[in-house]
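# Coordinate analysis (summary)
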Amino acid sequence: MSEQHLAVIVLAAGEGTRMRSSTPKVLHEIAGLPLLGHALATATALGAQKVIPVIRHEAEKLEAFINAYYPNSHIIHQDEIPGTGRAVECALSGLPAEFSGAVVVTSGDVPLLDVQTIESMIDVHLQTSAGATLLTASFSDPTGYGRIIRDQDGLFGSIVEERDATEQEREITEVNAGVYVFDFKALKNALAAITTHNAAGEKYLTDVAVEILKTGSQVNALQVSDNWLVAGVNNRVQLQQVSSELNRRICEGWMLAGVTITQPESTFIDVTAVLAEDVTLLPGTHLKGITRIGQGSTIGPEVVITDTQVGSNVSITKSQVSGSVIEDDSTVGPFSYIRPGTHLGAGGKIGTFVETKNAVIGTGSKIPHLSYVGDATIGEHTNIGAGTIFANYDGVNKHHSVIGSHVRSGSHNVFVAPVTIGDGAYTAAGTVVRKDVEPGALAMSVAPQRNLAEWVIAKRPNTASADAAKKATE
Ligand code: UD1
Ligand code: CA
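Residues numbered from 1 in each chain as written. Chains lettered and ligands numbered in written order. Predicted model: local features only at pLDDT ≥ 70, side-chain atom pairs only at ≥ 80, totals over all residues. Heavy atoms only, no water.

### Some details on the overall build of the chain
Defined as follows: For helices the rule is a DSSP run of H or I covering at least 4 residues; for strands it is a run of E covering at least 2, with both sets numbered from the N terminus onward. When a residue's accessible area, from a 1.4 Å probe over protein chains only, is under 20% of the maximum for its type it is buried; when over 50% it is exposed; and in between it is partly exposed. Should any heavy atoms of two residues lie within 4.5 Å, those residues are counted as being in contact. Per-residue and other accessible areas were derived by the Shrake-Rupley procedure at a 1.4 Å probe size, with only the shown protein chains allowed to occlude residues. Charged-residue counts in this description rest on Lys and Arg as positive and Asp and Glu as negative, His and the chain ends being excluded. Where a charge sits is defined by one atom per residue type, namely NZ (Lys), CZ (Arg), CG (Asp) or CD (Glu).
A tally of regular secondary structure across the chain gives 10 helices and 36 strands. With 474 residues in all, the chain has 47% of them scored as buried. Counted over contacts in the chain with a minimum sequence separation of 6, partners at least 24 positions apart contribute 40%. Put simply, the chain shows about 22300 Å² of open surface, and 51% of that area lies on carbon and sulfur atoms. Side-chain charges of the chain comprise 34 positive and 50 negative groups, with the mean position of each set lying 11 Å from the other.

Here it is as structure tokens:
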């Protein structure tokens, strides 16, 4: 196709005032990516020679995002002349003078637009040797959009912005979707000819199409059948609508790929998450960032997993997990808080009211109840008793502890870091481990138990306890 002669301009220099936000509009996220990220992902996938985002408002923030995630794009700053036409005019300065071919223009605030739609526009555009090809949509409520005026033969005539439209023109439900393919030379010449003589005092890109028509070139106006693809985000109501539609589509895609999702309305999957076949997602599951779930695993209800690799046949219930690795056949939750740097080995368990951080837990090892495990390495097939605290913080610095394999630690232990417990060692209930424990030893730090006979009868006379004790010893 035209790939040697294709440039894509992504407009993102607008103010986005209707969002009422300190975050620039196109950096608001849906499905784990900013709106601009979705637009740039599509632009990049077209395989163009150049992808040119045009920015102006909050330029530093946008620039930082683009440089971090799309470093090959060629950022252009729009000057103070307003309007989509001016934005494109500025963008053309990013192309070499000898460039020829097609220029695609999209917007940073239209996140669901897909590669296929643009590719089929380019096909029609090239087949008809058109000067411009634009996308339209039929909206039952066209408020706010530019209206498409066609002649009696149904051919494209012009675009009228709502502010400039007559009452009659406002009745038209076919709108300009804001996605265009232009012939580079036709675009360049037309931009030079258009003015800011309109209600907004802006240089409209929409006037370019009319200008190109005047020169005798063909302008195609193709209607999209799926309106969501061209839905723009101008405020937070539209942000939510587009976000939930995208999520619905993502869930549907995974269901068709073999994932059971019992309640898609309460299941949220970022575009960056990857799921294997026979995964089951129960209500209230959120899979965020670079997250992978292996075959046969069941996640939920009420689980938030971020940037985590989960193996196969894992069960995670009512828990929060981030920045971690959970290997095959292990179980997590209910009510576990797994923080970055946790690595749970195969067949392991992190159970109820357990918090972990920077903890490497070996194959088959278990931390079943009420514990904090921070900055630790635990060997294989070790059991950490209920209510164990790894005291990793001395008030100034964090310290690391090492627990061996096949260790059995008693309930209600404190491991005062740094401390090492050897393979096969035991610790008694209530032990505060301050010194290393050699392999196979039993560590005990509690004082031997003394029972003071008849203490209750003597010291708490006439109480129910004293009466019960008397009865029992009669
Ligand atoms: C624009 C179209 C309208 C169309 C609609 C589709 C024009 C004049 N109007 O209206 O016909 O129906 O999109 O969504 O083009 N931008 C810049 N520089 C600017 C102004 C805007 O880069 O000076 C960017 C914005 O960041 C945004 C895009 O261009 O990404 C569209 O601008 P916006 O103000 O949202 O235009 P609409 O009013 O939606
Ligand atoms: Ca818009």
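We are not done yet, so read on.
### Things to note about the domain arrangement of the chain
Many structure descriptions define interface size as the accessible area lost when the parts assemble. Here is the rule: Per the annotation, domain bounds derive from an automatic or database assignment of domains. Accessible-area loss on putting two parts together, using a 1.4 Å probe and summing over both, is the definition of buried area adopted here. Only one rule defines a salt bridge in this text: a Lys or Arg side-chain nitrogen within 4 Å of an Asp or Glu carboxyl oxygen.
Each domain of the chain was delimited in the assignment, giving domain 1 (3-230) and domain 2 (244-443). On a C-alpha basis, the centroid separation for the pair domain 1 and domain 2 is 47 Å. Taken together, the nine residues of domain 1 in the interface contact seven residues of domain 2. In total, about 610 Å² of surface goes out of reach between domain 1 and domain 2, with carbon and sulfur atoms giving 71% of it. Contact with domain 2 buries area across many residues of domain 1, yet Ala-31, Leu-112 and Trp-228 alone supply 61% of it, more than any other trio. Inspection of the domain 1/domain 2 interface yields one salt bridge. The shortest N-O distance in the salt bridge between Asp-226 and Arg-249 comes to 2.9 Å.

### Thoughts on the nonpolar core
Here is the rule: Each nonpolar core is a collection of buried residues, namely Ala, Val, Leu, Ile, Met, Phe, Trp, Tyr and Cys, held together in the definition by side-chain atoms within 4.5 Å.
Membership of the largest hydrophobic core comes to 53 residues, with the highest contact counts inside it found for Ile-269, Leu-275, Leu-281, Leu-287, Ile-299, Ile-305 and Ile-316. Looking at this core, the elements that each hand over two or more residues are helix 8 (236-256), strand 19 (303-306), strand 27 (349-361) and strand 28 (366-378). For this core, the element with the most residues is helix 8, which contributes six residues. Setting aside residues no more than four positions away along its own chain, Ile-299 makes contact with Thr-280, Leu-281, Leu-282, Thr-285, Leu-287, Ile-293, Ile-305, Val-310 and Ile-316. One finds Val-8, Ile-66, Val-115 and Val-230 within the second-largest nonpolar core, a separate group that totals 39 residues.

### Quick word on the packing of aromatic side chains
Condition: To pair, rings of Phe, Tyr and Trp, with the six-membered ring standing in for Trp, must have centres within 6.5 Å; the planes then decide the type, stacked if under 30 degrees apart, edge-to-face if over 60, and tilted in the middle.
Counted according to the given criterion, the structure contains seven aromatic pairs. With a centroid separation of 5.2 Å and 80 degrees between ring planes, the pair formed by Phe-99 and Phe-184 is classed as edge-to-face. With Phe-99 in the loop between helix 3 (84-92) and strand 6 (102-107) and Phe-184 in helix 6 (residues 184-193), this residue pair connects regions lying 85 residues apart in the sequence. The same class applies to Phe-99 and to Phe-184, which are both buried. Plain terms: the ring middles of Tyr-180 and Phe-182 are 5.4 Å apart, the flat faces sit at 15 degrees to each other, and that makes the pair stacked. Since its relative accessible area comes to 1%, Phe-182 is described here as buried.

### Examining the site of ligand 1
Just so we agree on the cut-off: Distances are taken per atom, and a residue is near a molecule or strand as soon as one of its heavy atoms is within 4 Å of it. Polar contact criterion, stated in full: a pair of N or O atoms within 3.5 Å, where within protein one must be able to donate a hydrogen and the other to accept it, and residues adjacent in sequence count only if both atoms are side-chain atoms. Classification used: nonpolar for Ala, Val, Leu, Ile, Met, Phe, Trp, Tyr, Cys and Pro, charged for Asp, Glu, Lys and Arg, polar for all others including Gly.
Residues in contact with ligand 1 amount to 20 residues; listed here are only the nearest, Gly-14, Gln-78, Thr-84, Glu-161 and Asn-176. The backbone of Gly-83 places a nitrogen or oxygen atom 2.8 Å from an oxygen atom of ligand 1. One of the side-chain N or O atoms of Glu-161 is found 2.6 Å from an oxygen atom in ligand 1. In isolation ligand 1 exposes 760 Å². Once the protein is present, 85% of that is buried. Where the shell around ligand 1 is concerned, the elements lending two or more residues are strand 1 (6-12), helix 3 and strand 10 (174-183). In terms of residue class, the shell around ligand 1 is built from eight nonpolar, 10 polar and two charged.

### Regarding the coordination of the calcium ion (ligand 2)
Test applied: Sodium, potassium and calcium take a 3.2 Å donor cutoff, other metals 2.8 Å, and in both cases only N, O and S atoms count; water is not among them, so sites may look incomplete.
The calcium ion (ligand 2) binds to the protein through Asp-109 (OD) and Asn-234 (OD1); the donor distances cover 2.8 Å. You can see Asp-109 sitting in the loop between strand 6 and helix 4 (115-127) and its partner Asn-234 sitting in the loop between strand 11 (219-223) and helix 8, a full 125 residues away along the chain. The exposure class assigned to Asp-109 is buried, which follows from its relative accessible area of 15%.

### Some remarks on the sheet that holds strand 36 (residues 442-443)
Across a sheet, paired strands are connected by hydrogen bonds in the backbone, their directions being either parallel or antiparallel. Applicable threshold: By this definition, two strands are paired if DSSP reports at least two bridges between them.
If you trace the three strands from one edge of the open sheet to the other, you get 31-34-36, paired in parallel fashion. Among the strands making up the open sheet, the edge pair consists of strand 31 (408-409) and strand 36. Here strand 34 (residues 426-427) runs beside strand 36; their pairing, made up of two bridges, is parallel. When the sheet's bridge partners are listed, Tyr-426 is paired in strand 36 with Leu-442.

### What to know about the side chain of His-125
In this fold, His-125 is placed in helix 4. Look at His-125 and you get buried, because its relative accessible area is 3%. There is a polar contact of 2.8 Å between the side chain of His-125 and the side chain of Thr-133.

### Structural notes on helix 7 (residues 206-214)
Three or more residues of helix 7 are buried, namely Thr-206, Val-208, Ala-209, Glu-211 and Ile-212. Buried residues in helix 7 make contact with strand 7 (132-138), strand 9 (156-160), strand 10, helix 6 and strand 11. In the segment just after helix 7, Gly-216 is the residue with positive phi, at about 95 degrees.

### Things to note about the pattern of salt bridges
One side chain can pair with another of opposite charge once the charged atoms of both are near each other. If you walk through the whole model with that rule in mind, you get 14 salt bridges. We note a salt bridge from Arg-249 to Glu-245, for which the minimum N-O separation is 2.6 Å. Placement of the pair is Arg-249 and Glu-245 together in helix 8, with a separation of four residues, close to one helical turn. Exposure remark for Arg-249: the relative accessible area of 26% places this residue in the partly exposed category. The class for Glu-245 is buried, based on a relative accessible area of 8%. Via salt bridges that share partners, Asp-226, Glu-245, Arg-248, Arg-249 and Glu-252 belong to a single interconnected network.

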